[in-house]
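The primary structure of each chain is shown beneath.
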Amino acid sequence: MASAPSADDELFDEFLSDRGHEISETRWEYSYNKKQCPECGGLNDESSTECSVCGWRPGAA
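Keep in mind that this is a model prediction, so the values were computed, not measured.

A.B. asks: Describe the overall build of the chain, naming the residues involved and giving the relevant values.
C.D. replies: Secondary structure assignment for the chain yields one helix and three strands. Ordered by position in the sequence, the α and β elements of the chain form the string α-β-β-β. In the chain, buried positions account for 16% of the 61 residues. Long-range contacts, defined as pairs at least 24 residues apart, comprise 23% of the intrachain contacts of the chain with a sequence gap of at least 6.

Written as structure tokens, this is what we have:
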């Protein structure tokens, strides 16, 4: 299963950003009027702020 971003992920993003790469925030995807987690693909209600399958949250960097 996917996990929340670690300090290593943040360091890697900073490394890429310092070298001119654009780093974008991962957001919910949508499928069948549901929010779909980009980490595990789990479907969640429109009101969800966290994935009910893996615990992913947008902007949780």
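A.B. asks: Please give an account of the nonpolar core that cites residues and values.
C.D. replies: Trp 28, Cys 37, Cys 51, Cys 54 and Trp 56 form the largest nonpolar core, which has five residues in total. Cys 37 has contacts with Trp 28, Gly 42, Asn 44, Cys 51, Cys 54 and Trp 56, leaving out every residue within four places of it along the chain.

A.B. asks: Please give an account of the sheet that holds strand β1 (residues 29-31) that cites residues and values.
C.D. replies: Remark on secondary structure: sheet strands pair via backbone hydrogen bonds, oriented parallel or antiparallel. Taken in spatial order, the three strands line up as β1-β2-β3 in an open sheet, and their pairing is antiparallel. The open sheet is flanked by β1 and β3 (43-44), the only strands paired with a single partner. With three bridges connecting them, β1 and strand β2 (residues 34-36) associate as antiparallel partners. Bridge assignment links Ser 31 to a residue of β2, and that residue is Lys 34.

A.B. asks: Which residues make up the pattern of salt bridges, and what values do they have?
C.D. replies: Inspection of the entire model under this criterion finds two salt bridges. Put simply, Lys 34 and Asp 45 hold a salt bridge, and the shortest N to O gap is 3.0 Å. Of this pair, Lys 34 sits in strand β2 while Asp 45 is found in the segment after β3, placing the two residues 11 residues apart along the sequence. Glu 50 is paired through a salt bridge with Arg 57; the nearest N and O atoms lie 3.8 Å apart. A relative accessible area of 40% means that Glu 50 is categorised as partly exposed. Judged by its relative accessible area of 45%, Arg 57 falls in the partly exposed class.

Criteria and cut-off values
- Residues numbered from 1 in each chain as written.
- Predicted model: local features only at pLDDT ≥ 70, side-chain atom pairs only at ≥ 80, totals over all residues.
- Heavy atoms only, no water.
- Helix = DSSP H or I, 4+ residues; strand = E, 2+ residues; numbered from the N terminus.
- Buried < 20%, exposed > 50% of the residue type's maximum accessible area, 1.4 Å probe, protein only.
- Contact = heavy atoms within 4.5 Å.
- Core = buried A, V, L, I, M, F, W, Y, C linked by side-chain atoms within 4.5 Å.
- Pairing = 2+ DSSP bridges.
- Salt bridge = Lys/Arg side-chain N within 4 Å of Asp/Glu carboxyl O.

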